[in-house]
Amino acid sequence: MNADLSEIRIEPVPASRLPEVDLGNVPFSSVFSDHMLVAEYRDGAWCPAVIRAYGPLALSPSISALQYAVSVFEGLKAHRLTTGEVALFRPWENARRLNRSALRLAMPEVPESLFLDGLRRLVRLDQAWVPALGAGALYVRPCYFSVDESVRPKPAERFLFVIFTFPFGAYFPASVDVLVTERYVRAFPGGTGDLKPAGNYAPALLADKEARDAGLGTVLWLDARERRYVEECGVMNVFFVFAHAGGARVVTPELSGTILPGVTRDSVLTLLREMGVAVEERRVPMDEVLAAHRQGTLLECFGTGTAATLTHVRRIRYRDADHELPPLETRAIGPAVRERLIAIATGRSPDGYGWLDRV
Ligand SMILES: *Cc1c(COP(=O)(O)O)cnc(C)c1O
């Protein structure tokens, strides 16, 4: 027995908190929208979902989400369109990825209808929280975790699927300096680097802190085996633009099992190909990046992910040497593809790929 759309119960809040919020100026993840969706899985079935006031959940300290990180999540955005409507960006990709993460942690799948219809209903109910066109977006965080009260590390049986949202303003740092770390790795073959389990992120925090303590923004991750190939940029996929025979060639690490298959990554690749840019998905040796920088053929580097869309890398620090990239004003590809992606996501350009899901 699985929950269907008709089983989502809505308990609206008596009064919205929205009038207290300056929507265009809220920092990322600082104020949460009025409602959240909560659905429970127990005794082998999904119970009807409820959309109710955002707030604390009553949970026991022994739950395996807390003890063993039996927990996965997703992140996507809803935008205000030029028409005033609200649309989610490729949410079915997140539904599928959540279930791939769940499977890897021996968790039952979340029915796609629960994920998608739950998402649409929640965002529709809180659509006043979506900032105006050009003034930001609504970030949507589905998460799914075990509430088994047991400290035995075994596949769990009781779960909560929760979706909450928050608005954030247009301002996001346009660029970042990165520290190449050889001490820590984010992912390794046979691990979970190509998924979004909660447990991937805590072990990255110290590396990130060390980068920040050194005056940089985040970490450029190398592969676990040889510390030789570039994998990701913080919690973003990474792209390099190399000068090549009078044009440019964009290179991003191939999805080898340790790279997170970002929805933004996929969208950017699609749009680059559409723009006629030569694109390669393959391993990217750090040596190649350094050699290109030395020869003046490293034109751009950028990270992609839902929250920031596309962030330019300004400087790469590797073994105490700083490698300054060309100034942002000289960059052609990153800014163009970013603009094109945002134009589609906000309805300014036609949605030729069927990426928008109007709520
Ligand atoms: C979520 C995530 C990304 C970006 O994925 P999107 O689907 O584009 O948001 C990239 N790298 C890591 C490690 C991530 O967790």
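Located above this text is the structure these notes cover.
Below: a short report on this structure. Since this is a predicted model, take the numbers as computed values, not measurements. Throughout, residues of each chain are indexed from 1 in the direction in which the sequence is written. The predicted origin of the model limits local features to residues at a pLDDT of at least 70 and limits the giving and counting of side-chain atom pairs to 80 or more, whereas totals for whole chains, interfaces and linings rest on all residues. The basis for every side-chain value is the complete set of heavy atoms in the structure, and neither hydrogens nor water enter the calculation.

**Focus on the packing of aromatic side chains**
Geometry of an aromatic ring pair is reported as the spacing of the ring centres plus the angle between the planes. Classification of ring pairs rests on two measures: the distance between centres of Phe, Tyr or Trp rings, Trp counted by its six-membered ring, which must be within 6.5 Å, and the angle between planes, read as stacked under 30 degrees, edge-to-face over 60 and tilted in between. For the structure on display, the rule yields 19 aromatic pairs. Geometrically, the ring pair formed by Tyr41 and Trp46 is edge-to-face, given 5.3 Å between the ring centres and 70° between the ring planes. Neither Tyr41 nor Trp46 differs from the other in exposure class; each is buried. Both rings, one in Tyr54 and one in Phe164, keep their centres 5.9 Å apart while their planes meet at 65°; by these two values the pair is edge-to-face. Here Tyr54, found in the loop between β4 (50–53) and α1 (64–68), pairs with Phe164, found in strand β9 (residues 159–169); they are 110 residues apart in sequence, far enough to count as distant. Partly exposed describes any residue whose relative accessible area lies between the buried limit of under 20% and the exposed limit of over 50%, with all areas from a 1.4 Å probe on protein chains only and scaled to the type maximum. Secondary structure counts use DSSP, requiring at least four H or I residues in a row for a helix and at least two E residues in a row for a strand, with both numbered from the N terminus.

**Examining the pattern of salt bridges**
Two side chains of opposite charge can pair, provided their charged atoms sit close to one another. Here, a salt bridge means any side-chain nitrogen of Lys or Arg that lies within 4 Å of a carboxyl oxygen of Asp or Glu. Counted by the stated rule, this structure contains 29 salt bridges. Put simply, Arg9 and Glu11 hold a salt bridge, and the shortest N to O gap is 3.0 Å. For Arg9, a relative accessible area of 47% gives the class partly exposed. According to the relative accessible area criterion, Glu11 is partly exposed, its value standing at 34%. The residue Asp208 makes a salt bridge to Arg212 at a minimum N-O spacing of 3.1 Å.

**With respect to the environment of Val130**
One can find Val130 in the loop between α3 (112–125) and β8 (136–146). Overall, Val130 belongs to the buried group, its relative accessible area being 2%. Note on contacts: a residue pair is in contact if any heavy atoms of the two residues lie within 4.5 Å. Ignoring sequence-local partners within four residues, the contact set of Val130 consists of Leu23, Ala78, His79, Arg80, Val86 and Leu138.

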